[in-house]
Amino acid sequence: MAYAIMRIKKIKSNPEFTKIMEHNYRLTPVLNADPSLQHINEELIKLQFESYKEAFENAINKSDYYKTHKIRKNAVRGLEILMTYTDDISTGLNLEAWKRKNIDWIKETFGEKNIASMIYHRDESTPHIHAVVFPIINDRLNAYHILGNRQKMRELQDSYAKTMQPLGLERGLKGSVAKRTDIKKFYSLLNKELEKKLPEIKKGETIEKYKARAEAVYEATNLNYLNERLKAERKLVEVKTKHTNEIIEHKKDISSLKNKLKTYEGFEREFGNIDTLKKELNEYRTLKNGLHNLKQIHPEETSRIDIFNEYMESVMKWEKKRNKLKEKEIEKFELARDLNTDK
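As a starting point, this report considers the structure included with it.

Rules of the game
Each chain has its residues counted from 1, running along the sequence as written. With the structure being a predicted model, the display of local features is reserved for residues of pLDDT at least 70 and the display and counting of side-chain atom pairs for 80 or more, all residues being used for whole-chain, interface and lining totals. Side-chain figures throughout are based on the complete set of non-hydrogen atoms in the structure, without hydrogens or water. Going along the chain from the N terminus, every DSSP run of H or I of four or more residues is numbered as a helix, and every run of E of two or more is numbered as a strand. Working definition: with a 1.4 Å probe on protein chains only, accessible area under 20% of the residue-type maximum means buried, over 50% means exposed, and in between means partly exposed. Note on definitions: a residue-residue contact is assigned when non-hydrogen atoms from the two residues lie within 4.5 Å. The criterion is simple. A nonpolar core is a set of buried Ala, Val, Leu, Ile, Met, Phe, Trp, Tyr and Cys residues joined through side-chain atoms within 4.5 Å. Classification of ring pairs uses Phe, Tyr and Trp, with its six-membered ring standing for Trp, and accepts pairs whose centres are within 6.5 Å; under 30 degrees between planes counts as stacked, over 60 as edge-to-face, and the remaining range as tilted. In this analysis the charged atom, NZ for Lys or CZ for Arg, is taken to sit over a ring once it is within 6 Å of the ring centre and within 35 degrees of the ring normal. In this scheme, strands are said to pair when DSSP sees at least two bridges between them.

### Some thoughts on the environment of Glu22
Of note, Glu22 is situated in helix 1 (residues 14–24). Judged by its relative accessible area of 29%, Glu22 is partly exposed. Distance from Glu22 to Ser51, taken between C-alpha atoms, is 9.5 Å for residues 29 residues apart in sequence. Each residue touching Glu22, except ones within four places of it in the same chain, is listed here: Leu27 and Thr28.

Dropping the structure here:
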């Protein structure tokens, strides 16, 4: 099972723009990137300025709102969207179609005029895309309108997964108990695995040959081990998440049944149990149908039936009025009792 992955990071300062620019455009060395593969990286949406900072300043200068207002110190100036997938089907995924889908989704979701750039990286182990957008809504920065609360983020994840579904990518588990592994933490784990001491040299083997042979075998072994361990952790998280979601659904069902039970008990106290109420309703229906049929078959009885109906209505009004008086008397009694209790 392969999952569509989309992550959003807030950008709150110009130094952050610079740092992201250096990474995305490979202006500084990237630990886990292969320099010999940089030529196959691709700028899907071209940056029209020298830097993200310059692109942001241009967007702000076009805003009528910011001609009379200053940008808040804690304002979210940009969003970096990372789009990738689990590598289960990396050999079967149509990468060109995947890139096009991502471009379409970014444009539709954030607005084409808000996109600073989109870059496809293929010089790292898993293909991925970085998009930088400016959260400008109605002429002003408003990241909350886009990200909002958890529900807004769920909707964004749903929207992205729906776009990627035709390519065979599925949405990650909703409400996952997994905590996203930070990229630095991942490479820290990776380096620990690769830095384990090598076994002793064999007799007659030169150091150079041994080093080349052992490091290749050991590195491959440790990488496979780490990959399998991460997959196992992912499976465990899926099981835990499904179990947690099932518990939540069961609690919702129990809560719903309790509410229905309270409603039924209140109904029963006011009108009696179902059997009694059913009997009374049948009697009322019989009376109503009988009066109607009697009027149809014996028109001469119409006046007597009308008098009977009027009498019944007057009795009902009298009874309702009497019940209201009773309720008021009960309220007075309870009020007097409460006052005496307070003394």
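Having seen the model, we can carry on.
### Side note on the nonpolar core
The nonpolar side chains of a soluble globular protein tend to be buried, and buried together. Core analysis: the biggest nonpolar cluster contains 32 residues, and Ile81, Met83, Trp98, Trp105, Ile106 and Met118 have the highest contact counts within it. Contributions of two or more residues to this core are made by strand 1 (4–11), strand 2 (42–45), strand 3 (78–85), helix 3 (95–110), strand 4 (115–121), strand 5 (128–133), helix 4 (143–147) and helix 5 (150–164). If sequence neighbours within four positions are ignored, Ile81 has contacts with Met6, Arg7, Ile8, Trp105, Ile106, Phe110, Ile129, His130, Ala131 and Val133. If you look at the next biggest cluster of nonpolar residues, it comprises 18 residues, including Ile11, Ile20, Phe56 and Phe134.

### As for the packing of aromatic side chains
A ring pair, where both rings are aromatic, is described by two values, the distance of the centres and the angle of the planes. Tallied over the entire structure, the rule returns nine aromatic pairs. Considering the side-chain rings of Phe17 and Phe56, the 5.6 Å spacing of their centres and the 35 degrees angle between planes classify their relative orientation as tilted. Residue Phe17 is found in helix 1, and its partner Phe56 is found in helix 2 (residues 52–61); the two are separated by 39 residues along the sequence. Like Phe56, Phe17 is buried. Each ring, one from Trp105 and one from Tyr160, has its centre 5.0 Å from the other, and the planes form 75 degrees; the classification is edge-to-face. Placement of Trp105 in helix 3 and of Tyr160 in helix 5 is noted, with a sequence separation of 55 residues between them. Here the aromatic residues Phe17, Phe56 and Phe134 are joined through ring pairs into a cluster of three or more. Across the ring face of Tyr120, the terminal group of Lys99 is positioned such that the distance to the ring centre comes to 4.4 Å.

### A few points about the pairing of strand 3
Counting buried positions along strand 3 yields seven of eight residues, so the element is predominantly enclosed. Looking at chain direction, strand 3 and strand 5 are connected through five bridges and run antiparallel. Looking across to strand 5, one finds that Ile81 is bridged to Ala131.

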